[in-house]
Amino acid sequence: LHDLHEQYADEGFDILSIATFDTRGALATFREDRGFPMPWRHALLPDDQMEWARDRFEFTGIPAYLLVAPDGSILAEGWDARGIGLMTALETWFGDE
């Protein structure tokens, strides 16, 4: 994700990661001590908001992966929104060869 964010950020690609069942301290440790700075928007979802998020985004488990276009349409989800699938979807969206 870090490489893709760096590659496509100037073209409008952004990431929103949402942590669940975690604390601010645990997130800070993950970002600083484990070498994952996550230079994108990141939120901590309160436990009492999990049901709302599950209903709104229709995921059944976590982690859940969604690639959403600026118009709100879903370009890829699940395994197609991570790893090689994510790279392929971004190349298609941004017109890379």
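The structure presented is a predicted model; accordingly, all values stated were derived computationally and were not measured.

**Regarding the overall build of the protein chain**
Okay, step 1: Within the protein chain, the regular secondary structure consists of 4 helices and 4 strands.
Okay, step 2: Element order for the protein chain, N to C, with α for helix and β for strand: α-β-α-β-α-β-β-α.
Okay, step 3: Oriented by its inertia axes, the alpha-carbon framework of the protein chain measures out at about 40 × 35 × 20 Å.
Okay, step 4: Buried residues in the protein chain amount to 24% of all 97 residues.
Okay, step 5: Put simply, 48% of the contacts in the protein chain that link residues at least 6 apart link residues at least 24 apart.
Okay, step 6: In the form shown here, the protein chain has an accessible surface area of approximately 7300 Å², with 51% of it arising from carbon and sulfur atoms.
Okay, step 7: Separation between the mean location of the 7 positive side-chain charges and that of the 19 negative ones in the protein chain comes to 8 Å.

**Description of the nonpolar core**
Okay, step 1: Formed by 13 residues in total, the largest nonpolar core has its most connected members in Leu 4, Tyr 8, Phe 13, Leu 67 and Leu 90.
Okay, step 2: Counting residues per element, the ones that place at least two in this core are α1 (2-8) and α4 (83-94).
Okay, step 3: The greatest single-element share of this core, amounting to 4 residues, is contributed by α4.
Okay, step 4: Every residue in contact with Leu 90, bar those within four places of it in the chain, is listed here: Leu 4, Tyr 8, Phe 13, Leu 67 and Gly 95.

**So, a negative patch on the surface**
Okay, step 1: Side chains of Glu 51, Asp 55, Glu 58, Glu 77 and Asp 80 sit close together on the surface and give a patch of like negative charge.
Okay, step 2: Assignment of secondary structure puts Asp 55 in helix α3 (residues 50-57).

**Here we look at the environment of Thr 29**
Okay, step 1: Mapped onto the fold, Thr 29 is located in helix α2 (residues 24-33).
Okay, step 2: Among the residues examined, Thr 29 registers a relative accessible area of 40% and is labelled partly exposed.
Okay, step 3: Separated by 58 residues in sequence, Thr 29 and Met 87 have C-alpha atoms that sit 28 Å apart.

**With respect to the environment of Ile 18**
Okay, step 1: Assignment of secondary structure puts Ile 18 in strand β1 (residues 16-20).
Okay, step 2: In this structure Ile 18 comes out as partly exposed when scored by relative accessible area, which is 46%.
Okay, step 3: For the pair Ile 18 and Arg 34, spaced 16 residues apart in sequence, the C-alpha separation works out to 18 Å.
Okay, step 4: Setting aside its immediate chain neighbours within four residues, Ile 18 contacts His 42, Ala 43 and Leu 45.

**Things to note about the environment of Phe 30**
Okay, step 1: Turning to its location among the elements, Phe 30 is positioned in helix α2.
Okay, step 2: Residues Phe 30 and His 2, 28 residues apart in the sequence, show an inter-C-alpha distance of 14 Å.

**Comments concerning the layout of surface pockets**
Okay, step 1: A volume near 1600 Å³ is recorded for the largest pocket.
Okay, step 2: Along the wall of the largest pocket there are 44 residues; nearest its centre are Ile 15, Leu 16, Ser 17, Ala 64 and Leu 66.
Okay, step 3: Among the elements of the structure, β1, α2, β2 (41-45), α3, β3 (66-68), β4 (74-77) and α4 are those that each provide at least two residues to the lining of the largest pocket.
Okay, step 4: The biggest single contributor to the lining of the largest pocket is α4, with 6 residues.
Okay, step 5: Residues of the lining of the largest pocket, tallied by class, amount to 34 nonpolar, 6 polar and 4 charged.

Parameters at a glance
- Residues numbered from 1 in each chain as written.
- Predicted model: local features only at pLDDT ≥ 70, side-chain atom pairs only at ≥ 80, totals over all residues.
- Heavy atoms only, no water.
- Helix = DSSP H or I, 4+ residues; strand = E, 2+ residues; numbered from the N terminus.
- Buried < 20%, exposed > 50% of the residue type's maximum accessible area, 1.4 Å probe, protein only.
- Contact = heavy atoms within 4.5 Å.
- Areas by Shrake-Rupley, 256 points an atom, 1.4 Å probe, with all protein chains shown as cover.
- Lys, Arg positive; Asp, Glu negative; His and termini not counted.
- Charge placed at Lys NZ, Arg CZ, Asp CG, Glu CD.
- Core = buried A, V, L, I, M, F, W, Y, C linked by side-chain atoms within 4.5 Å.
- Patch = residues over 30% accessible without salt bridge, like charges linked within 9 Å, V, L, I, M, F, W, Y side chains within 5 Å.
- Salt bridge = Lys/Arg side-chain N within 4 Å of Asp/Glu carboxyl O.
- 1 Å grid on protein atoms, 1.4 Å probe; cavity = no way out; pocket = protein on both sides within 12 Å on 5 of 7 lines; lining within 4 Å.
- Points joined across faces, edges and corners; volume = space filled by probe spheres on them.
- Nonpolar A, V, L, I, M, F, W, Y, C, P; charged D, E, K, R; others polar.

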